[in-house]
Amino acid sequence: MKDRLSKLTVASGILGLVLLFGVMLSGAAYPSLVFRIGAPLGLLFVFLSVGLLGLRYLRDICEAVREKQWMLAVALVMMLLVVGVLMLI
C-alpha cells in the first residue's frame, strides 16, 4: 500500500463488505436488530471507501500535474470521467 489513505480506503471497504455479508449470512430481516444496525453500518463503510478512493485519485492527479506527468494526469481524469458517466447510467 502506498500510504495511510490507501490503507484506510481498503480497510473501510473490507469492513463494510464483511458487515453486509454477515447480515446476509445471518438471514436477518427488517425487524431484527442485526439487520437494522448491520446493514446501514456496512453501507456507510462501503460508501466511505468509495469517497476515500475518489480523494486518492484526486490527490494522484494533483501530484501528476505537479510533477509534469501529463499523460498520467490525463489518464486519471479520463478514468474519473468514465466512472462518473457510468454512475449516471
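One can find the structure itself at the top, above this paragraph.
Presented here is an overview of the structure given in this document. (Residues numbered from 1 in each chain as written. Predicted model: local features only at pLDDT ≥ 70, side-chain atom pairs only at ≥ 80, totals over all residues. Heavy atoms only, no water.)

**What to know about a nonpolar patch on the surface**
Here is step 1 of the chain: Taken together, L17, F21, M24 and L25 make up a surface patch of nonpolar side chains, about 480 Å² in accessible area.
Here is step 2 of the chain: With respect to the helices and strands, M24 occurs in helix 1 (residues 4–26). (Patch = residues over 30% accessible without salt bridge, like charges linked within 9 Å, V, L, I, M, F, W, Y side chains within 5 Å. Areas by Shrake-Rupley, 256 points an atom, 1.4 Å probe, with all protein chains shown as cover. Salt bridge = Lys/Arg side-chain N within 4 Å of Asp/Glu carboxyl O. Helix = DSSP H or I, 4+ residues; strand = E, 2+ residues; numbered from the N terminus.)

**What to know about the pattern of salt bridges**
Where side chains of opposite charge bring their charged atoms close, a pairing between them can arise.
Here is step 1 of the chain: Taken as a whole and judged by the stated rule, the model has three salt bridges.
Here is step 2 of the chain: A salt bridge links D3 to R59, with the nearest nitrogen and oxygen atoms 2.6 Å apart. Here R59 lies in helix 2 (residues 33–66) and D3 lies in the segment before helix 1, a separation of 56 residues in the sequence.
Here is step 3 of the chain: In this structure D3 comes out as partly exposed when scored by relative accessible area, which is 24%.
Here is step 4 of the chain: Taking the shortest distance from any N to any O, the salt bridge between R59 and E63 comes out at 3.7 Å. Taken together, the positions of R59 and E63, both in helix 2 and four residues apart, correspond to about one turn of that helix.
Here is step 5 of the chain: Residue R59 is classed as partly exposed on the basis of its relative accessible area, which comes to 24%.
Here is step 6 of the chain: Under the relative-accessibility criterion, E63 is labelled partly exposed at 28%.
Here is step 7 of the chain: Salt bridges here are not isolated pairs; linked through shared partners, they connect D3, R59, D60 and E63. (Buried < 20%, exposed > 50% of the residue type's maximum accessible area, 1.4 Å probe, protein only.)

**Comments concerning the packing of helix 2 against helix 3 (residues 70–88)**
For any two helices packed against each other, the geometry is given by the interaxial angle and the distance between the axes.
Here is step 1 of the chain: One can describe the packing of helix 2 onto helix 3 by two numbers: an axis separation of 8 Å at closest approach and a directional angle of 155°. Relative to helix 3, the element helix 2 is oriented roughly antiparallel. In terms of crossing hand, the pair formed by helix 2 and helix 3 is left-handed. Here Y57, D60, I61, A64 and V65 of helix 2 lie close against helix 3, whose contacting residues are W70, L72, A73, L76, V77, M79 and L80.
Here is step 2 of the chain: Across the contact of helix 2 with helix 3, the residue classes tally to eleven nonpolar, no polar and one charged. (Axes fitted to C-alpha atoms, helices over the stretch in contact; angles between N-to-C directions. Parallel < 35°, antiparallel > 145°, perpendicular 65-115°, else oblique. Left-handed = near helix turned anticlockwise from the far one by under 90°. Contact = heavy atoms within 4.5 Å. Nonpolar A, V, L, I, M, F, W, Y, C, P; charged D, E, K, R; others polar.)

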